[in-house]
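Analysis of the macromolecular model
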Amino acid sequence: MNEKFPLTQEEAALIDRNEVGPSNLTEEEELYKENIIDHYKYPHNTGVLQDYTFSRREFNPLCGDDIALYVKVSSGEISDISFVGKGCAISQASISMLTDKVKGMQLKEAKDIKREEVLGMLGIPIGIVRMKCALLSLKALSRGIEQFETGGQDEEAGSC
Amino acid sequence: MQVTKNLQLLDGRLVNDFPILKQTVNGKRLAYMDNGATTQKPQEVIDAMTNYYQKDNANVHRGVYQLSQRATTAYEHAHDVVAKFIGAKFEEVIFTKSATESLNLLAYSLGSTLKPGDEIVLSQMEHHSNLVPWQQLAKEKGLALKFIPIIENYRLDMDAAKRLITPKTKIVSIVHMSNVLGTINNVKELAKLAHANGSFMIIDGAQSVPHMPVNVKELDCDFLVFSGHKMLAPTGIGVLYGKKEILEKMKPFLYGGDMISEVTFENSTWNDLPWKFEAGTPNIAEAVGLAAAIYYLQKLGMGKVFEHDLFITSYALEKLSQIDGLKIIGPSNIDERGGAVSFTLEGVHPHDLSEILDRFGVAVRGGHHCAMPLMSALKLNSTTRASFYVYNTKEDVDILVEGIKKAKEIFK
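Note that the structure is a prediction, hence the values are computed from the model and not measured.

Okay, the overall build of chain A next. Each helix and strand in chain A was counted, giving six helices and three strands. N-terminal to C-terminal, the α/β element order of chain A is α-α-β-β-β-α-α-α-α. Every one of the 160 residues in chain A was classed for burial, and the buried ones make up 44%. Intrachain contacts of chain A at a sequence separation of at least 6 include 61% that bridge at least 24 residues.

In C-alpha cells:
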C-alpha cells in the first residue's frame, strides 16, 4: 500500500515540514509564549476583593471560559480590581492584562476601552472563532460598569 | 498499543480525489482530522452536484417536462441508493436537512403520542441533538428522562440499561458511536431490551453510518438517523430511516407542499411514504450529492473504510499515549471503538492546543463537542479531538503528534 502522501513535486515544495519540530520556537511562537503564556500561568490581580463595589461574571460556553470580575470604585476611579477565572490561555491572559490596564483608571475612561485595544494587548493574531475568548474580559468589564451605573447587581458573581 | 487485527489501510492515493486536501495552511500541508464535525468532498460528489445544476435542475414531483422528470428521477433514485446502503426499503428513507432535524421530527411526531409518566431512556454520551429535543418534550408533557450511565473504559453500563428500560419506557434513543469518546455502543442489545419492553428503539448513527457497515435489519432498530455531510456528501441533507408500519401511523412533522395527497379548505390527507414527511421543495442537489458519496464509499467498501479508520486509530492511540501528560478520553482498545480520538493535555486548554496545531496545518476540534452533559459527567470542560476518515494517513497522525509536542514546548 502506498501510505505516502501523493503530492506532485511542486506541491511538495510548498511544504516546509521540517519546522514542525519540538525544538526552536519561531518568533511568533516566542511572542505567544511571552505575551500569553506568562499571564496564563502567572495571572495578575487574582482573587476576590474584600470590599468590591461591583462584580460581574461572564461565561463563554465555547471554551468553558469563566470570569468573575471584582471592581472597587473610589471617587469615580477604579481603585482596585481583581478576578477569579478559569478557561483557555487567551481568555485568562486577556483578563489578567485588562485588570492591569484599568487599575487606577477613571470609570468613564475604562468604559470607553475599545475591542482593538484589548486585541492589541494580546499582541497575537486572534481568529474569528477565538474572538469570544479574547474579548470576554472586556465584556465583563463593560457590562459590569453598565450594571453598576444603572444600579443593577450581578447575583452570580460570588459563585465562580 | 499494537494493531490487534490484521487491519489494512486504504490506498493513500485516494487523497487525490479530494481537491480541498491539496492546499497548504500556514505553509503546511492541510492535515484534516475533524471528520467527526464534517468531512471533505471528493470530486465525484462535487461533479454530481454541478452536473445536476448544469443539466437537470428543476423542482421535483411537479412539472411533467423533461427537466422535472430528470430531477425527480435523480431525487427518488437517491432515496433508493440510501435504502440499499442501510438495508431498508425505499419508502422507509426520509430526507431531512440533518440528523438533528431527523431527531426533532421523531421527538415531535412520536412525542405527540406520549402521556405523562411515560419514560424515555437515553445515555450519558448523547450529542445535544439526541438530548435537547427529548428533554424539552419531557418538560412539556411531564415525561421522565433516564440516562444509561458510563462505566469503566468509557462503555455504557448494560446492567443499568436493563434496570432503566422497563414497560414504562416508550422510547430508547441511543448514539451508535460517540462523537466524543469514539465508543461503539451495543445498540443491537439495547434494541432487544427496548422491544422486550414495548418501546421504540432509535439509533443516532451520525458517527457510525459514515464509518462502518450499518444494516437496519440486522440491528432491528425502529429508527436510524444520520447526516450526509459526515460521509463525504454536502451539508443540508440528513436521513431518517423508520420502519414502514410505524411511519405509516405517525403524524407528519412539517406541513405544506408535496407531503399532501388531497387538500380542501377544511381538510388534508397525506401523501405516501416517504413524501408524507418531506414537506416543501427538498434539497435536491444535496440528495444527488449524497447518492454520489454513497457510490464512492461503496466502491471502497464499508468494511475497508472501517478497517482503515481502525488502523489509523490504533496508530494514533499508540503514538498519543506516549506523550507525557496526555490522557486519552475514550476506550483504550480498538475492539469497542471507532476513529474519534479525544484527549486532554495537562496544562494546555483544548482551544489553545487546537489553535497551535492549526499553525502546523492540523485541523482538529477542541471543545465540548456538543455534549456538555457528558463533559460534566466526566468532570471535564472540554477535550481536543482528532477524528479520522478515508483520506487520513499515518503521516497525518505524525504531524499531529509533533504539533502537540510543540504546544507543550510553548506552554512549558
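Now for the side chain of B:Arg385. Residue and element names in this part refer to chain B. With respect to the helices and strands, Arg-385 occurs in strand β19 (residues 383–387). Side-chain polar atoms of Arg-385 contact the side chain of Asp-34, separated by 3.2 Å. At 2.8 Å, the side chain of Arg-385 forms a polar contact with the backbone oxygen of Asn-179. Excluding its chain neighbours within four sequence positions, the residues that come into contact with Arg-385 are Met-33, Asp-34, Gly-36, Ala-37, Asn-179, Ala-340, Val-341, Ser-342, Val-364, Arg-365 and His-369.

On to the pairing of strand β9 (residues 169–175) of chain B, then. Two faces make up the sheet, and in a regular strand the side chains alternate between them. Residue and element names in this part refer to chain B. Most of β9 is tucked away, with six of its seven residues classed as buried. Sheet analysis places strand β5 (residues 119–123) next to β9, joined by three bridges and oriented parallel. Residue Glu-119 lies in a different strand from β9, and its bridge partner there is Thr-169. In this sheet, strand β10 (residues 200–204) lies alongside β9 in parallel orientation, the contact comprising five bridges. Each residue of the ladder has a partner; that of Val-175, found in β10, is Asp-204. Each parallel crossover has a hand, and the one from β9 via helix α6 (residues 187–196) to β10 is right-handed.

What follows is about the side chain of B:Thr344. All names here are of chain B. Mapped onto the elements of the fold, Thr-344 is located in strand β16 (residues 340–345). Taking relative accessible area as the criterion, Thr-344 reaches 18% and is therefore assigned buried. Thr-344 has contacts with Gly-325, Leu-326, Lys-327, Ile-329, Leu-380, Ser-382 and Thr-383, leaving out every residue within four places of it along the chain.

What follows deals with a nonpolar patch on the surface. Residue and element names in this part refer to chain A. Nonpolar side chains collect at one region of the surface, where Leu-62, Ile-128 and Val-129 lie side by side and expose about 310 Å² of accessible area between them. Assignment of secondary structure puts Ile-128 in the loop between α5 (115–122) and α6 (131–149). Since its relative accessible area comes to 78%, Ile-128 is described here as exposed.

Among the secondary structure elements, A:Asp38 is positioned in helix α2 (residues 27–41). Residues A:Asp38 and A:Ala89, 51 residues apart in the sequence, show an inter-C-alpha distance of 9.4 Å.

A few words now on the pattern of salt bridges. With the rule as written, the count across this model stands at 28 salt bridges over all chains. Across the salt bridge formed by A:Lys101 and A:Glu117, the nearest N and O atoms sit 3.3 Å from each other. Of the two residues, A:Lys101 is situated in helix α3 (residues 89–102) and A:Glu117 in helix α5; the sequence distance between them amounts to 16 residues. Residues B:Asp34 and B:Arg385 are paired through a salt bridge, measuring 3.2 Å at the closest nitrogen-oxygen approach. On the criterion of sequence distance, the pair formed by B:Asp34 in the loop between β3 (31–32) and α1 (43–56) and B:Arg385 in strand β19 is long-range, its members being 351 residues apart.

Moving on, we come to the sheet that holds β19(B). Residues and elements named next belong to chain B. Spatially, the four strands line up as an open sheet ordered β15-β16-β19-β18, and their pairing is antiparallel. Here the strands that pair on one side only, and so sit at the sheet edges, are β15 (326–328) and β18 (365–367). Put simply, the sheet's adjacent strands are angled 30° from each other on average, direction ignored. In terms of strand pairing, β15 meets β16 through three bridges, oriented antiparallel. In the sheet register, Lys-327 faces β16, and the bridge partner there is Thr-344. Where helix α10 (residues 302–320) meets the sheet, its contacts fall on β15 and β16, and the angle it forms with β16 comes to roughly 10°.

The grouping of A:Glu27, A:Glu30, A:Glu34 and A:Asp38 at the surface amounts to a negative patch. When you line up the elements, A:Glu27 lands in helix α2.

Turning next to the nonpolar core. Residue and element names in this part refer to chain B. If you look at the biggest cluster of nonpolar residues, it comprises 132 residues, and the most contacted ones within it are Phe-95, Met-201, Leu-224, Leu-320, Tyr-391 and Ile-404. With eleven residues, the top contributor of residues to this core is helix α9 (residues 284–300). Counting contributing residues, this core receives three or more from each of domain 1 (12–42 + 301–410) and domain 2 (46–298). Once you skip the residues sitting within four places of it in the chain, Leu-224 turns out to touch Ile-86, Ile-203, Gly-205, Val-209, Val-214, Val-216, Val-239, Leu-240 and Tyr-241.

Reading the values: the criteria
Residues numbered from 1 in each chain as written. Chains lettered and ligands numbered in written order. Predicted model: local features only at pLDDT ≥ 70, side-chain atom pairs only at ≥ 80, totals over all residues. Heavy atoms only, no water. Helix = DSSP H or I, 4+ residues; strand = E, 2+ residues; numbered from the N terminus. Buried < 20%, exposed > 50% of the residue type's maximum accessible area, 1.4 Å probe, protein only. Contact = heavy atoms within 4.5 Å. Polar contact = N/O pair within 3.5 Å; in protein donor to acceptor, adjacent residues only side chain to side chain. Pairing = 2+ DSSP bridges. Right-handed = clockwise from strand over helix to strand, strands pointing away. Patch = residues over 30% accessible without salt bridge, like charges linked within 9 Å, V, L, I, M, F, W, Y side chains within 5 Å. Areas by Shrake-Rupley, 256 points an atom, 1.4 Å probe, with all protein chains shown as cover. Salt bridge = Lys/Arg side-chain N within 4 Å of Asp/Glu carboxyl O. Axes fitted to C-alpha atoms, helices over the stretch in contact; angles between N-to-C directions. Lys, Arg positive; Asp, Glu negative; His and termini not counted. Charge placed at Lys NZ, Arg CZ, Asp CG, Glu CD. Core = buried A, V, L, I, M, F, W, Y, C linked by side-chain atoms within 4.5 Å. Domains from an automatic or database assignment.

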